[in-house]
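Tertiary structure, described
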Amino acid sequence: MGRSANLPRGLVDRFRARGDVWPDDTGCTMLHVDMDAFYASVEIRDRPELARKPVVVGGTANRGVVASANYIAREFGVRSAMPTSHARRLAPHAVFVSPNFARYQEVSRGVMAIFRDITPLVEPLSLDEAFLDVSGALKRMRRTPAQIANLIREQVEQAHGITCSVGAAPTKFLAKLASGMCKPDGLMVVPRDEVLAFLHPLPVSALWGVGQRTAEHLDRVGLETVADVAATPLPRLRRLIGVALAEHLHALARGHDDRPVVPSTREKSIGAEETFEVDHFDRELLRRELLRLSERSAATLRARGLRGRTVSIKVRFSDFTTITRSKTLRVATDVTQEVYKTASTLLDEQVPAGAVRLIGVRIEQLVEGDDGEQLMFDAPERGWREAEQAADQARSRFGTAAIRPASLLNQGPARSGLNEPKPDRGDSASRPP
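Residue numbers here run from 1 along each chain, matching the order of that chain's written sequence. Only residues with pLDDT of at least 70 are given local features in this predicted model, and only at 80 or more are side-chain atom pairs given and counted; all residues enter the totals for whole chains, interfaces and linings. The side-chain quantities take in all heavy atoms of the structure and omit both hydrogens and water.

Points about helix α2 (residues 38-46)
Definition in use: Between buried and exposed lies partly exposed: a residue is buried under 20% and exposed over 50% of the maximum accessible area for its type, with that area taken using a 1.4 Å probe on protein chains only. In DSSP terms, a helix is any run of H or I states spanning at least four residues, a strand is any run of E spanning at least two, and both are numbered starting from the N terminus.
Counted residue by residue, α2 has seven buried out of nine residues, so it is predominantly covered. Within α2 the residues assigned to the buried category are F38, Y39, A40, S41, V42, E43 and I44.

Here is the structure:
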């Protein structure tokens, strides 16, 4: 659900804060903070000449996908996860920018640090959004939940030059809905005593867990709004959509969501993959792309203080047949050269020849950064890691092309776009928490 798409007229205005005036925020200690068009906003911040132009971040060739689009581009119908070719047809005059994930990660770390200065109860959902439980900060900061939300918005903009939207509510689900409904650069409060007045006019698609097919099915049986779902006897709802989903939606529709903020959720894997503009047989080219992916994946591990024991590759052929191959190392690593050599060996020894459409690298069995001694193939671990950390810093400051492996120099990317683990999702208020 977009900012105000399909919303009853006046609902957004009723609950959205105006300056320092907002509805009663007593008990609204769950915050959901969401950066506005995050990747695009970082690019525009760094290139102010783009400020009044439609900007699309993502794969820049026909097989690429949109990772983020600013609000000007969205006026032409451009959305995240849309094929780049479609986005170009909708907005041929837009500026298309390749993503700089090292920069986005750097900004994300700074934003999350602002959150953690306010409360230790921060649950990141991705680079650009998080839940915060500020119940413990109210007395210490002598502020109300909405005042804390406003402070967060001010600090993020002052420190990083981008904006965010915040929903404040009694539950996580309501806070997430509210942040999506007040975009961009907004604050919305769902008062504890007005939860049903906020929820019930919304379309049934606003409920987390209702996709397009479920929404169409519910609409066919006359359940069009959240109020309709709340009023439906649970036994009938179970017959219509199954026991688990019925109980889940029935609870949400009545404003019930007792999930706490969980501050430490360990990631299970880190990786990236590329879809080529044209299919490739050339193994040397495939190895160069594996090096590029290994470099970016290992840099992400280092940025997040993680190492991984299992390296896997994914190969999709021209007929869409997809295979994965993996190898578990003796000890965990975050070193590009080790990840690459393992991935390259898997390609050479376990992947048959053929026209390749997509290739990917993934690192699994993650552990905290210094948990164990690293195994290196043919160079001292200390030298490789220090060199790669210095390269990380240079790329973060000057862009991804600042320092690259020699074998990637003067090699134009053969791919249409890099698919990273977590793209900017387009500010959808109904996506799962």
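Moving on from the coordinates now.
Re the packing of helix α14 (residues 283-303) against helix α15 (residues 336-350)
Threshold: Only the stretch in contact is used when a helix axis is fitted, and all axes are lines through C-alpha atoms; the angle between N-to-C directions ranges over 0 to 180 degrees. Each crossing is labelled by how the near helix is turned from the far one, with a counterclockwise turn of less than a right angle marking it left-handed and a clockwise turn marking it right-handed. Note on definitions: a residue-residue contact is assigned when non-hydrogen atoms from the two residues lie within 4.5 Å. Polar here means any residue other than Ala, Val, Leu, Ile, Met, Phe, Trp, Tyr, Cys and Pro, which are nonpolar, and Asp, Glu, Lys and Arg, which are charged; Gly is therefore polar.
Contact geometry of α14 with α15 gives a least axis separation of 8 Å together with a crossing angle of 145°. Handedness of the crossing formed by α14 with α15: right-handed. On α15, the residues touching R283, L286, R287, L290, L291, S294, E295, A298 and R302 of α14 are T336, Q337, V339, Y340, A343, S344, L347 and D348. Looking at the contact of α14 with α15 residue by residue, the class counts come to eight nonpolar, four polar and five charged.

Some thoughts on the sheet that holds strand β6 (residues 129-133)
The cut-off we apply is this: Pairing between strands is defined by DSSP: at least two bridges between the two strands are required.
The strand order β5-β6-β1-β7-β8 describes an open sheet built from five strands, whose pairing is mixed. The open sheet has two free edges, formed respectively by β5 (122-126) and β8 (187-189), since each of these has just one partner strand. For this sheet the average axis-to-axis angle between neighbouring strands, irrespective of direction, equals 15°. Across five bridges, the pairing between strand β1 (residues 30-35) and β6 is antiparallel. Each bridged residue has a counterpart across the sheet, and for M30 the counterpart in β6 is D133.

Focus on unusual backbone geometry
The residue after K183, namely P184, is reached through a cis peptide bond having omega -10°. Take P184: it is sitting in the loop between α8 (172-181) and β8. For F320, which is not glycine, the phi dihedral falls at a positive 75°. Along the chain, the position of F320 falls in the loop between β10 (306-317) and β11 (322-333). The backbone of Q365 shows a phi angle near 50°, a positive value even though the residue is not glycine. Following the sequence through the fold, Q365 ends up in strand β12 (residues 356-368).

A short note on helix α10 (residues 212-220)
Going by this rule: The arc in question is formed by the directions pointing from the helix axis toward the C-beta atoms.
By the burial criterion, the buried members of α10 are T214, A215 and L218. The buried residues of α10 occupy an angular sector of 100° when the element is viewed end-on, so they sit on one face. Facing away from the buried side of α10 by more than 90 degrees, the exposed set consists of Q212, R213 and R220. Of the surrounding secondary structure, the elements contacted by the buried residues of α10 are α12 (234-241) and α13 (243-253). Just downstream of α10 lies G222, where phi reads positive at about 90°.

Examining the environment of L301
Inspection of the secondary structure puts L301 in helix α14. On a C-alpha basis, the gap between L301 and V367 in space is 9.9 Å, while along the polypeptide they are 66 residues apart. Not counting chain neighbours up to four residues away, the residues in contact with L301 comprise I270, L306, R307, G308, T333, D334, I363 and L366.

Re the pattern of salt bridges
Here is the rule we go by: The salt bridge definition used is simple: a Lys or Arg side-chain nitrogen within 4 Å of an Asp or Glu carboxyl oxygen.
Evaluated as defined, the whole model comprises 18 salt bridges. Between E247 and R238 there is a salt bridge, and its shortest N-O distance comes to 2.9 Å. Residue class for R238 comes out partly exposed when judged on its relative accessible area of 32%. Its salt-bridge partner being E273, residue K314 comes within 3.3 Å of it at the nearest N-O pair. Of the two residues, K314 sits in strand β10 while E273 sits in strand β9 (residues 269-280), which places them 41 residues apart along the sequence.

Section: the nonpolar core
To be explicit about the condition: By nonpolar core is meant a set of buried Ala, Val, Leu, Ile, Met, Phe, Trp, Tyr and Cys residues that side-chain atoms within 4.5 Å join together.
Grouped together as the largest cluster of nonpolar side chains are 44 residues, with contacts concentrated most on L31, M35, F38, F115, L132, I152 and V156. Apart from residues lying up to four places away in sequence, I152 is in contact with L31, V33, F115, I118 and L132. By size, the runner-up hydrophobic cluster in this structure holds 36 residues, among which are L174, A178, V226 and L249.

Regarding the confidence of the model for the protein chain
Low pLDDT marks regions whose predicted coordinates should not be analysed in detail. We count it as follows: Per residue, pLDDT measures the predictor's confidence, with a range of 0 to 100.
Averaged over all residues, the pLDDT of the protein chain equals 85, while 81% of them reach at least 70. Mean pLDDT in the protein chain bottoms out at strand β13 (residues 415-419), which sits at 43, and peaks at β1, which reaches 98. Throughout residues 1-5 the model reports pLDDT below 50, and contacts reaching past four residues in sequence, or to other chains, amount to 17 contacts. In the model, residues 425-432 has pLDDT below 50 throughout and makes 32 contacts with residues more than four positions away in sequence or in other chains.

Notes on the sheet that holds strand β4 (residues 95-97)
Ordered by their spatial adjacency, three strands build an open sheet running β3-β2-β4, and the pairing between neighbours is mixed. The open sheet terminates on both sides in strands that have one partner only, identified here as β3 (66-69) and β4. Neighbour-to-neighbour, the strand axes of this sheet turn through a mean angle of 25°, independent of strand direction. The pairing of strand β2 (residues 55-58) with β3 spans three bridges and is antiparallel. Opposite V56, over in β3, you have A69 as the bridge partner.

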